[in-house]
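# What the coordinates show
Here is what each chain is made of, one letter per residue.
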Amino acid sequence: MSAQLATLQKPLKSKSELSGIENLIRAMLKKHRTPFMLIKRCVLEKQYRRFRKCLPDVTPYYAVKANAHPGIIKTFVELGAGFDVASATEMKQVLSLGAMPSKIIFAHTIKSPEDIIFARRRRVRLMTFDNETELYKLAKYYPGAHVLVRIKVANDGSVVELSLKFGADPDQAFFLLRKAKALGLVPMGISFHVGSQSTNVESYLQALEISADIFEEAKEGGLPLKILDIGGGFPIQHFDNEIGINFERMACQIKKETRRLFDKNVKFMAEPGRFLVGPAGILVTQVIGRTFRNNKNYYYLNDGIYGDFSGMIFDHCRYEFKTLRRGQKFLSAIAGPTCDSFDTLSESSEIAELYVGDVVYVKNIGAYSSVSATMGFNGFPPAKIIMV
Ligand SMILES: *Cc1c(COP(=O)(O)O)cnc(C)c1O
């Protein structure tokens with residue numbers, strides 16, 4: 001019985017997973033200098049298929065801002081994904097890597113005239129907006145553009161708020177869509193974003209109900225809508241033993257509600273960023289120095305807050321620091337390499353004693369990390385990205 005239980009327990013599986021990752025890290029250390037970030041193609045594929053399987057009615061448009069590395073974009077082009085871009089630069093990048101204009105959404109509600117003109121020239125037709133001024137701008141620079149009104153929805157239970165700056169009042173949605181039509185644009189539907197790393201399925205369900213009401217209102221008003229974009233926000237696990245994150249269960253509830261609330265001919269799309277790329281990234285750093293301060297060991301790594309741990313600031317993220325060394329663990333502090341005391345990554349990590357040259361690595365760090373790193377504050381460059 002106990003033997004059987006032991007084989008059923010998760011730690012055993014993650015242990016073999018772990019040694020797989022650690023063997024990979026050891027092999028890569030022979031060829032590359034740290035810091036480097038490994039992006040596992042097989043995990044990108046796995047996450048993409050997981051998304052498709054759990055939400056079969058919803059077409060995923062990868063939110064490029066999560067990680068714009070060409071190898072990642074290329075992988076998603078090959079998998080047939082669409083792309084969510086926020087600027088002409090991102091648009092140019094995905095187009096140059098083979099994305100089709102018809103599979104791109106320009107999902108920024110405030111676009112510069114130059115970027116709108118660029119979208120028009122490259123025939124990227126679908127875009128979001130959330131205010132009247134933007135409609136006049138779109139009508140001027142891109143007559144005939146297909147538009148989704150982004151509505152403001154609750155971001156409760158998400159780690160990163162995305163509704164403070166964007167989103168029209170749902171009461172205004174139908175008015176704005178009618179206005180779009182009057183101005184010569186093509187009103188296609190609605191989009192929303194429940195906030196990033198949203199573990200609260202209720203936010204999605206509520207947003208779906210609000211959207212369904214607007215679909216109904218529009219249909220009765222003679223302006224039937226075709227597309228519902230449920231945004232991003234799908235959560236991932238950052239720590240091995242984290243609880244409360246269950247994408248499969250969330251997706252199942254979302255799927256049920258979309259089927260219950262909307263006509264069969266409505267097309268659903270989503271803009272997952274973190275979910276598709278976060279779990280694929282492994283950051284590998286090395287200890288460049290250590291000291292004893294405040295009654296604990298301080299380890300200084302060759303990557304920090306100004307580099308690939310920038311997500312600790314911008315993404316409000318916490319990471320699990322792992323080492324290749326085994327043995328007794330001690331309460332330790334971990335810091336980045338720059339001269340700023342702010343560049344401290346953890347005051348209280350339980351890790352084995354480390355020496356100069358030892359590896360500290362972090363899993364699930366593929367999203368909102370390297371994209372927000374500075375180019376080399378203090379002369380410390382961010383990690384090289386390596387697709388494996
Ligand atoms: C950031 C963002 C996304 C991606 O969000 P995730 O939480 O990474 O899935 C999608 N759409 C829009 C409009 C965004 O701003």
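Our subject in this report is the structure included herewith. Predicted, not measured: the structure shown is a model, and the values here were computed from it.

## Describing a nonpolar patch on the surface
A cluster of nonpolar side chains, namely Ile313, Phe314 and Phe342, defines an oily patch on the protein surface of about 310 Å² accessible area. In this structure, Phe314 sits in helix H12 (residues 311–314). Taking the relative accessible area as the measure of exposure, Phe314 reaches 57% and is therefore exposed.

## Considerations on the site of the ligand
In the neighbourhood of the ligand, 14 residues make up the surrounding shell, with Lys65, Ser196, Glu271, Arg274 and Tyr368 lying closest. One of the side-chain N or O atoms of Asp84 is found 3.0 Å from a nitrogen atom in the ligand. Separating an oxygen atom of the ligand from a side-chain N or O atom of Tyr368 is a distance of 2.5 Å. A total of 390 Å² of accessible area belongs to the ligand in isolation, and the protein chains cover 92% of it. For the shell around the ligand, the residue count by class is 4 nonpolar, 5 polar and 5 charged.

## Section: the sheet that holds strand S10 (residues 227–229)
Pairing is parallel around the closed barrel formed by 8 strands, whose spatial order is S2-S3-S4-S5-S6-S8-S10-S11. Put simply, the sheet's adjacent strands are angled 30 degrees from each other on average, direction ignored. Note that strand S8 (residues 186–191) and S10 share 3 bridges and pair parallel. By the bridge assignment, Ile190 is partnered in S10 with Leu228.

## A few points about the environment of Thr199
Following the sequence through the fold, Thr199 ends up in the loop between strand S9 (196–198) and helix H9 (201–220). Accessibility expressed as a relative area gives 37% for Thr199, which makes it partly exposed. For the pair Thr199 and Cys54, spaced 145 residues apart in sequence, the C-alpha separation works out to 16 Å. Once you skip the residues sitting within four places of it in the chain, Thr199 turns out to touch Gly157, Pro235, Gly244, Ile245 and Met250.

## Side note on the pattern of salt bridges
Scanning all chains against the criterion turns up 16 salt bridges. Between Asp240 and Lys322 there is a salt bridge, with its nearest N and O atoms 2.7 Å apart. Taken together, the residues Asp240 in the loop between S10 and helix H10 (247–261) and Lys322 in strand S14 (residues 322–323) connect sequence positions 82 residues apart. Of the residues examined, Asp240 reaches a relative accessible area of 24% and is grouped as partly exposed. Between Asp240 and Lys363 there is a salt bridge, with the nearest N and O atoms lying 3.1 Å from each other. On the criterion of sequence distance, the pair formed by Asp240 in the loop between S10 and H10 and Lys363 in the loop between strand S17 (359–362) and strand S18 (384–387) is long-range, its members being 123 residues apart. On the basis of relative accessible area, Lys363 is assigned to the buried category, the value being 13%. Look at the salt bridges and you will find they share partners, linking Asp240, Glu320, Lys322 and Lys363 into a network.

Conventions adopted
- Residues numbered from 1 in each chain as written.
- Predicted model: local features only at pLDDT ≥ 70, side-chain atom pairs only at ≥ 80, totals over all residues.
- Heavy atoms only, no water.
- Patch = residues over 30% accessible without salt bridge, like charges linked within 9 Å, V, L, I, M, F, W, Y side chains within 5 Å.
- Areas by Shrake-Rupley, 256 points an atom, 1.4 Å probe, with all protein chains shown as cover.
- Salt bridge = Lys/Arg side-chain N within 4 Å of Asp/Glu carboxyl O.
- Helix = DSSP H or I, 4+ residues; strand = E, 2+ residues; numbered from the N terminus.
- Buried < 20%, exposed > 50% of the residue type's maximum accessible area, 1.4 Å probe, protein only.
- Near = heavy atom within 4 Å.
- Polar contact = N/O pair within 3.5 Å; in protein donor to acceptor, adjacent residues only side chain to side chain.
- Nonpolar A, V, L, I, M, F, W, Y, C, P; charged D, E, K, R; others polar.
- Pairing = 2+ DSSP bridges.
- Axes fitted to C-alpha atoms, helices over the stretch in contact; angles between N-to-C directions.
- Contact = heavy atoms within 4.5 Å.

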